[in-house]
Amino acid sequence: MQIREIAKLLNAKVLCGEEHLDREVKSACGCDMMSDVLAFVKDQAVLITGLCNPQVVRTAMMMDMRCIVFVRGKNPPQEVIDLACSAGIVVLASDERMYTACGTLYVNGLAGGAEVHDRAC
Amino acid sequence: MTEHVNFHFEIDGENFTSAGEASVRIKKNLREMGFSPEIIRRVSVAMYEGEINMVIHANGGTADVDIYCDRIEIVLSDRGPGISNIELAMQEGYSTAPENVRSLGFGAGMGLPNMKRYTDDMKIESKVGEGTTISMTVWV
Ligand SMILES: Nc1ncnc2c1ncn2[C@@H]1O[C@H](COP(=O)(O)OP(=O)(O)OP(=O)(O)O)[C@@H](O)[C@H]1O
Ligand SMILES: [Mg+2]
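Residues numbered from 1 in each chain as written. Chains lettered and ligands numbered in written order. Predicted model: local features only at pLDDT ≥ 70, side-chain atom pairs only at ≥ 80, totals over all residues. Heavy atoms only, no water.

Asks: What is the right way to look at the sheet that holds strand β4 (residues 46-49) of chain A in this model?
Replies: Within a sheet, each strand pairs with its neighbour through backbone hydrogen bonds, oriented either parallel or antiparallel. Residue and element names in this part refer to chain A. Spatially, six strands are ordered β1-β6-β5-β4-β2-β7 in an open sheet, and the strand pairing comes out mixed. If you trace the sheet from one side to the other, it starts and ends with β1 (13-16) and β7 (111-112), each paired once. Relative to strand β6 (residues 90-93), strand β5 (residues 67-70) is paired through four bridges, and the arrangement is parallel. Residue C67 lies in a different strand from β6, and its bridge partner there is V90. The strands touched by helix α4 (residues 78-86) within the sheet are β1, β5 and β6, with β1 carrying the most contacts at an inclination of about 75°. (Pairing = 2+ DSSP bridges. Helix = DSSP H or I, 4+ residues; strand = E, 2+ residues; numbered from the N terminus. Contact = heavy atoms within 4.5 Å. Axes fitted to C-alpha atoms, helices over the stretch in contact; angles between N-to-C directions.)

Right under this line is the structure:
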C-alpha cells in the first residue's frame, strides 16, 4: 500500500514528508507502548499511535519505520514533527481512534508485522 | 576497519525529551561505517532500551559503545537505585514504572527482554543503592 492511500483511508492530514507519499509499505503496528513496538521486528513500516512525544519518533527511527500515524485527533508538537521530518519519516494525523484506524488499514490489505520470538535475525 | 573506535555519552536523567539521542547518534555512526541494517537495528534498539531505562529508572548515567571489526560492545552504567531481583526484572511484562511513565509509552516490561533478544550476550551487574551496569555484545 502506498502511504498516500493510508492518508486517504484515514482521512489524515499530512504533517510532514509530503515528498515520500508514493512509498510502498507492507505492514503496520498499532501501539501505545514503545517497547512492544521494539519487540516486533519484521519490516513494520507504519506506526499507529495515540502518543505524541519525541520517543515515538525515536522508536520509529530505531525500527527503520517510514510513517507514523497519530490517531485520536492528536496534534503532535512541532519538535516532534521536525524530528520525524529530519529522519525522512512521513507524519500523518487522523481523527480516527486506534481501533478504527487499524481495522480500516487491515481490511484494506495492510498486514500486521511478524513477532520475533527468538532472535532478531 | 582495523582499529577500535569508542563512543562515550553522558545520559541526562532529567530530560525525557532528549532520551534516546545517543542511540540515534550511534545508529548514524554505524550506518556511516557500513554495518548491515540488521546489525545496526539490533545494536541501536538494545542501546535505546537501555538508555531509556537509565532515564526513567536511574536518573541518567553513561553509555559507552566500542566498535571492533568483529563485534560491537555496549556498556550502560548508572548510579541509580539498582535492581534487587534481576531474574524478575528480566521477565516479560515485569515493570515498576509509575503511571506518569506509562502514559509516555514506557513500562510494558519489555525493555530488558528486548535487550537480551537483540544481542548475542548480555550481562547485568547491579547493587541496590549503588547502581547498575549492563554490558551487551553483538557479533558482526
Ligand atoms: N537501569 C535501571 N536501574 C534500576 N532499575 C531498572 C533499570 N533498568 C530496569 N530496571 C528495573 O527493571 C524493570 C524492568 O525493566 P524493563 O526495561 O524490562 O521494563 P520497563 O522499563 O519497566 O518497561 P519498558 O521497557 O517495556 O518500557 C523496570 O521496571 C525497573 O524496575
Ligand atoms: Mg525499559
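Now that the structure is up, let's keep going.
Asks: Can you walk me through the sheet that holds strand β2 (residues 60-67) of chain B in this structure?
Replies: All names here are of chain B. Read from one edge to the other, the open sheet built from five strands follows the order β1-β2-β3-β5-β4, with strand pairing classed as antiparallel. Two strands close off the open sheet at either side, each with one partner strand: β1 (5-12) and β4 (121-127). Between one strand axis and the next, the sheet turns by 10° as a mean value, whatever way the strands run. Bridging between β1 and β2 involves eight bridges; their strand directions are antiparallel. Each residue of the ladder has a partner; that of F9, found in β2, is A63. The strands touched by helix α1 (residues 21-32) are β1, β2 and β3 (71-78); relative to β1, the strand with the most contacts, the crossing angle is about 160°.

Asks: Please explain the site of ligand 1 as it appears in this structure.
Replies: Residues in close proximity to ligand 1 total 22 residues, the closest being B:H57, B:S95, B:T96, B:G107 and B:M110. Close to ligand 1, residues of chains A and B are found. Between ligand 1 and B:N53 there is a distance of 2.9 Å, counted from an oxygen atom to a side-chain nitrogen or oxygen. When the free accessible area of ligand 1 is taken as 600 Å², the share hidden by the protein chains comes to 96%. (Near = heavy atom within 4 Å. Polar contact = N/O pair within 3.5 Å; in protein donor to acceptor, adjacent residues only side chain to side chain. Areas by Shrake-Rupley, 256 points an atom, 1.4 Å probe, with all protein chains shown as cover.)

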